[in-house]
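# Structural overview for review
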Amino acid sequence: MARKKISLIGGGQIGGVLAQLIAQKELGDVVLFDIVEDMPQGKTLDIVEGSRVDQTDIKLSGTNSYADIAGSDLVIVTAGLPRKPGMSRDDLLTTNANIMKSVAENVKEYAPNSIVIIISNPLDAMVTLFQKVSGFPHNRVLGQAGVLDSSRFSTFIAWELGVSVKDVNAMVLGGHGDTMVPLIRYANVNGVPVMELLEQKHGDNAKEVMDAMVNRTKLAGGEVVKLLKTGSAFYSPATSAIAMAEAILKEDNRLMPTCAYCKGEYGLDGYYLGVPAVLGANGVERIIELKLNEEETAALEVSTNAVKSLIEAMSNLGF
Ligand code: APR
């Protein structure tokens, strides 16, 4: 089987970790693109020089020329500014939309058959814009947000219950902003509902404890930004996108919360939103519709409306 080619557009904090993880997992050969001269070349040289120790053998190259991404099977985009303390993801809209437009034009020209995972924020808007400018089929353009938000939620549940995070399954749907929807009813520890375990531990206060974890999940990105001061989370976004990339490259058909294009699912027609999706050879293979209760439906509607306003704001800016 021919080796896969993976291009990373943006060689900053997340891009660097993506390149290292791909190398360590030998998912394919890597081209790291950035507009900053020499930096992607330096980063890939640094990573490749550790491959003897990692016992991996893939090609990694850094570039400032889009021509080098030709023939990519997969493209992961992190180009764009990260947040600074006090900023919301939406504050990045104008700057990152300009960047995303140029990225989409170039990926369309040089890697027209690739599947594209977007990480740049504000996520739902950036995925929408990339698809619009590239004209790629919707199943080949998707966004990473839910895998990370769900992992954050799972981490807080594991800490609270004193169980291994490996056994926690929890999913977060909706837009990648403060209105995201952590699904409490579906959260479980190896099949045991989390609420049941919280009730055993906290009795009548179980709901309060859960609400605190839900709120921390919604604000988790900002919590990291506040501590880092100079940028936003990069290890966990990278590892989350790699899980999606692996599902696609290995054609695994894994069910993951994905920013995917809805055509009527969840009452949403013609918008990207965080929903459970099966990821495989074609990118998004299909979206899974869960039966949500009234409260969950209402929360998802708030999130959907926030995403719609963001898309409208982007369109008013001329994108
Ligand atoms: N084309 C390609 N790369 C670009 C462009 C462009 N037009 N403009 C900027 N970049 C590059 C920068 O040079 C930088 O190296 O994008 C990189 C972004 O890296 P960081 O600033 O380190 O940001 P990072 O932490 O990696 O986050 C990237 O992902 O999670 C989101 O909110 C985050 O939008 C941000 C993105």
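Within every chain, residues take consecutive numbers counted from 1 along the sequence as written. Owing to the predicted nature of the model, reporting of local features is limited to residues with pLDDT of at least 70; listing and counting of side-chain atom pairs is limited to 80 or more, with chain, interface and lining totals taken over all residues. The side-chain quantities take in all heavy atoms of the structure and omit both hydrogens and water.

### Digging into the overall build of the protein chain
Only DSSP runs of H or I reaching four residues or more are called helices, and only runs of E reaching two or more are called strands; each is numbered from the N terminus. In terms of regular secondary structure, the protein chain is built from 11 helices and 14 strands. Note that the radius of gyration is over C-alpha atoms, with the globule rule given as 2.2 Å times the number of residues to the power 0.38. A compact globule built from 319 residues would reach a C-alpha radius of gyration of about 20 Å, and the protein chain, at 19 Å, matches this within 12%. Each principal axis of the C-alpha atoms in the protein chain carries an extent, and together these give about 60 × 50 × 40 Å. Across the protein chain, the fraction of contacts at a sequence separation of at least 24, relative to all contacts at a separation of at least 6, is 68%. The accessible surface values rely on the Shrake-Rupley method and a 1.4 Å probe; as for residues, cover is taken only from the protein chains in view. Surface summary for the protein chain: the accessible area is close to 14700 Å², and the carbon and sulfur share equals 50%. Counted as positive: Lys and Arg. Counted as negative: Asp and Glu, with His and the chain ends omitted from the count. Every charge is mapped onto a representative atom, which is NZ of Lys, CZ of Arg, CG of Asp or CD of Glu. Each charge class in the protein chain was averaged separately, 29 positive and 38 negative side chains, and the resulting centres sit 2 Å apart. Whether two residues are in contact is decided by their heavy atoms: any pair within 4.5 Å suffices.

### Focus on the side chain of Ser134
Following the sequence through the fold, Ser134 ends up in helix H5 (residues 123-134). At a separation of 3.1 Å, a polar atom in the side chain of Ser134 contacts the main-chain amide nitrogen of Phe136. Those residues within four positions of Ser134 in sequence are excluded, and the remaining contacts are Ala104, Lys108 and Val141. Under this definition, polar contacts are N or O atom pairs within 3.5 Å; protein pairs additionally need one hydrogen-donor-capable and one acceptor-capable atom, and for neighbouring residues in sequence, both atoms have to be side-chain atoms.

### Describing the sheet that holds strand E7 (residues 168-169)
Think of it this way: DSSP has to see at least two bridges between two strands before they count as a pair. Strand order in the open sheet formed by 3 strands is E7-E10-E11, and the pairing between neighbours is antiparallel. Strand pairing shows two members of the sheet lacking a second neighbour, E7 and strand E11 (192-193), which therefore form its edges. Pairing between E7 and strand E10 (residues 188-189): 2 bridges, direction antiparallel. In the sheet register, Val168 faces E10, and the bridge partner there is Val189.

### What about the site of the ligand?
Taken together, 22 residues form the shell around the ligand, and within it Gln13, Ile14, Asp34, Thr78 and Leu81 come nearest. A distance of 2.8 Å separates an oxygen atom of the ligand from a polar backbone atom of Gln13. Leu81 is positioned with one of its backbone polar atoms (N or O) 2.9 Å from an oxygen atom of the ligand. Within the residue set of the shell around the ligand, elements represented by two or more residues are helix H1 (13-25) and helix H4 (93-110). In terms of residue count, the dominant contributor to the shell around the ligand is H4 (3 residues). Classifying every residue of the shell around the ligand by side-chain character gives 11 nonpolar, 10 polar and 1 charged. Nearness is defined per residue: one heavy atom within 4 Å of the molecule or strand is enough. Each residue is assigned to one class: nonpolar for Ala, Val, Leu, Ile, Met, Phe, Trp, Tyr, Cys and Pro, charged for Asp, Glu, Lys and Arg, and polar for all the others, Gly among them.

### Remarks on the domain arrangement of the protein chain
Residue ranges assigned to each domain were obtained from an automatic or database domain assignment. When cut into domains, the protein chain gives domain 1 (5-145) and domain 2 (146-319). Summarising the inter-unit geometry, the C-alpha centres of domain 1 and domain 2 are found 22 Å apart. Here the buried area means the combined drop in accessible surface, using a 1.4 Å probe, for two parts upon being joined, counting both sides. Taking both partners together, domain 1 and domain 2 bury about 3800 Å²; carbon and sulfur atoms supply 72% of that area. When the buried surface of domain 1 facing domain 2 is broken down by residue, Arg89, Asp124 and Ala145 rank first, second and third, together holding 17% of it. By convention in these notes, a salt bridge is any Lys or Arg side-chain nitrogen within 4 Å of a carboxyl oxygen on Asp or Glu. The interface formed by domain 1 and domain 2 holds 1 salt bridge in total. Of the charged contacts, one joins Lys25 and Glu246 as a salt bridge, the two residues approaching to 3.4 Å between their closest N and O atoms. Between the two partners, domain 1 and domain 2, sit 13 residue pairs in polar contact (both at pLDDT 80 or more). Taken together, the elements giving at least two residues each to the side of domain 1 that touches domain 2 come down to H1, strand E4 (74-77), H4, strand E5 (115-118), H5 and strand E6 (141-143).

### What about the environment of Lys226?
Looking at where Lys226 falls in the secondary structure, it is placed in helix H9 (residues 220-228). For the pair Lys226 and Arg83, spaced 143 residues apart in the sequence, the C-alpha separation amounts to 9.7 Å.

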